[in-house]
Amino acid sequence: MDRIVVVGGSLAGVNAAEALREHGFNGELTLVSAEESLPYDRPPLSKQMLLEDMAPEKLLLKPTDWYEQNGVTVALANPARRLDSATQRVVLADDSELEYDGLVLATGSSVRELSVAHGDPRLHVLHSMEDAVRLRAEFAPGKHLVLVGGGFIGLEVAAAARAQGLDVTVIARGPAPLSRVFVGDVGQWYQGLHERNGVDVRCGSALEAIEWGVDGAVVTLKNGNVIKADIVVAGVGSTPAVEWLANSGIELSNGVACTPDLKTSLPNVVAAGDIVNWRNPIFGEQMRVEHWTNAVDQGRHAASTLLGNRDPFASVPYFWTDQFDTKMRFVGRTTGADQTNIETMTDDKLVATFGRDGVLIGAVCIGSPRQLAKYKVAIQNRTPWDEAVEASLTAAR
Amino acid sequence: MAFKVTVDLDLCQGYANCLIEAPALFDIDDDTNKAIILGGDEHDEALRNQADASVRGCPARAIVVEDL
Ligand SMILES: Cc1cc2nc3c(=O)[nH]c(=O)nc-3n(C[C@H](O)[C@H](O)[C@H](O)COP(=O)(O)OP(=O)(O)OC[C@H]3O[C@@H](n4cnc5c(N)ncnc54)[C@H](O)[C@@H]3O)c2cc1C
Ligand code: SF4
């Protein structure tokens, strides 16, 4: 293999490039990015970037000279527009073409649009560094921020805004925040956390319209409630950024359909990060994971697959979120969980586990980091549910 | 060759990835929510892979591994 192209200059792409060099690939290596900035880290965008004046340079994944030192040619602000798999070429926005004999797809996620906003630029979203800078610039004590969507990124924005003295309203469609991931207690625990900190959380609310005037926006809910806002932020999830692959002949299905070792349906093309839909052998389940650690690990795994490794990518997903003074860490899955065990629940601690078909599949720990490490191993080993619950009871005694 | 692990506690955000990647090398302090390094200043080569994985896995880029 002489020429490898990585499309997507973010976490998965950079880790793939780094691993390719570590595994001894010494041919041409090009990293193609849609963004103007060198690759940077996203989790701080909804945390430190909104809470303190953090210089955007601090977010860079690698120092600026790393790329040259590692022989990685970077094409910035030049998104891939098309993949021609027959001639093994990637066509970029400026019409230049890159030939490859190995290709890593790592184009990640795009923000999901809020249909009632009709693309109005006054609506904020949070996916890029520019988004964070623009949002932070509008923060001022006493302003009213309305957050549409009760997911993790949205709740982090709500917490950061509240901590800066803004009035904050969260509009969540489900019965509690985070209801896309957690049923029942965990979402309610977060609702309680936000309410104790003065956030107005409105669950079961659907949006009817947003109208902008000279002094802010008027948000109307389906139940007739009208809320005036200075800042409106939408955090209604993301979708895999695969439009550019539409006519490439690649198999798409909730992202890029991959084999267990992260190969795509096209020859010499692998994928990594948020766009990957693969069957994870630990859970025997088809999944797409939008978490930081997954992008690092899949980037590295896809690189070794391209160079001939055949191991499946078997992993226990890991995720964290910081809100107010709490840190939640989550391992495993909740999808299809048919059992929940709340081990601990107080105002500052929560430990809960999830089971499916008699096996432990997930654990959430707020506080309690050690429990997390223990549960990760237990999930990896497919511990029977009864055994996991019994062990937690014994430990508590 | 042995190696040394250090954590920049100003950068550490207590995410616990290190504890997951390298349980023999890290713990988390319950009060400060920051990483603690286990087993002193010098670690055996057998733990090198775990140590390297913790460096890559730390979202705060707070961990440094140095050869001794
Ligand atoms: C605000 C925010 C907070 C987060 N917080 C956490 C957290 O606390 N914990 C956690 O585990 N995870 C968190 N995440 C998720 C985590 O950041 C992602 O899982 C991770 O960034 C995925 O990496 P990726 O490389 O697959 O994709 P992305 O980071 O989405 O990057 C994809 C890159 O590809 C580029 N691209 C897209 N299309 C093209 C094209 N056609 N050509 C060239 N380039 C293209 C994009 O511009 C982008 O630079 C957060 C994400 C966001 C946005
Ligand atoms: S992974 Fe990094 S940030 Fe997290 S606890 Fe360990 S050293 Fe701190």
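You'll find the structure just up there.
Residues numbered from 1 in each chain as written. Chains lettered and ligands numbered in written order. Predicted model: local features only at pLDDT ≥ 70, side-chain atom pairs only at ≥ 80, totals over all residues. Heavy atoms only, no water.

Caption draft 1: Spatial organisation of the packing of helix H1 (residues 11-22) of chain A against helix H7 (residues 292-306) of chain A. Residues and elements named next belong to chain A. One can describe the packing of H1 onto H7 by two numbers: an axis separation of 7 Å at closest approach and a directional angle of 35°. Where H1 crosses over H7, the handedness of that crossing is right-handed. Of H7, the residues touching H1 (which contributes Leu 11, Ala 12, Asn 15, Ala 16, Glu 18, Ala 19, Leu 20 and Glu 22) are Trp 292, Ala 295, Val 296, Gly 299, Arg 300 and Ala 303. Its residues placed into classes, the contact of H1 with H7 shows nine nonpolar, two polar and three charged. (Axes fitted to C-alpha atoms, helices over the stretch in contact; angles between N-to-C directions. Helix = DSSP H or I, 4+ residues; strand = E, 2+ residues; numbered from the N terminus. Left-handed = near helix turned anticlockwise from the far one by under 90°. Contact = heavy atoms within 4.5 Å. Nonpolar A, V, L, I, M, F, W, Y, C, P; charged D, E, K, R; others polar.)

Caption draft 2: Broad picture of the side chain of Arg21(A). Residue and element names in this part refer to chain A. By secondary structure assignment, the location of Arg 21 is in helix H1. One buried charge, Arg 21, has no salt-bridge partner; the nearest side chain with opposite charge is Glu 28, at 8.8 Å. Contact partners of Arg 21, with chain neighbours within four places excluded, come to Asn 26, Gly 27, Leu 29, Asn 70 and Gly 71. (Buried < 20%, exposed > 50% of the residue type's maximum accessible area, 1.4 Å probe, protein only. Lys, Arg positive; Asp, Glu negative; His and termini not counted. Salt bridge = Lys/Arg side-chain N within 4 Å of Asp/Glu carboxyl O.)

Caption draft 3: Structural detail: the sheet that holds strand S15 (residues 231-234) of chain A. Residue and element names in this part refer to chain A. Judged by pairing direction, the sheet is parallel, and its four strands sit side by side in the order S11-S10-S9-S15 without closing on themselves. One side of each edge strand has no neighbouring strand; the edge strands of this open sheet are strand S11 (200-202) and S15. Here the strands of the sheet are splayed against their neighbours by 15° on average, with no regard to which way each runs. Bridge count for strand S9 (residues 144-148) against S15 is four bridges, and the pairing is parallel. Pairing of Leu 147 across the sheet is with Val 233, part of S15. (Pairing = 2+ DSSP bridges.)

Caption draft 4: Region of interest: helix H2 (residues 48-57) of chain B. Those residues of H2(B) that fall on the buried side of the exposure criterion are Arg48(B), Ala51(B), Ala53(B), Ser54(B) and Gly57(B). In this structure, the buried residues of H2(B) make contact with H7 of chain A together with strand S1 (3-7), helix H1 (17-21), strand S2 (26-28) and strand S4 (63-67) of chain B.

Caption draft 5: Focus on the site of ligand 2. In the neighbourhood of ligand 2, 13 residues make up the surrounding shell, with Cys12(B), Gln13(B), Tyr15(B), Cys18(B) and Cys58(B) lying closest. Considered class by class, the residues forming the shell around ligand 2 number 10 nonpolar, three polar and no charged. (Near = heavy atom within 4 Å.)

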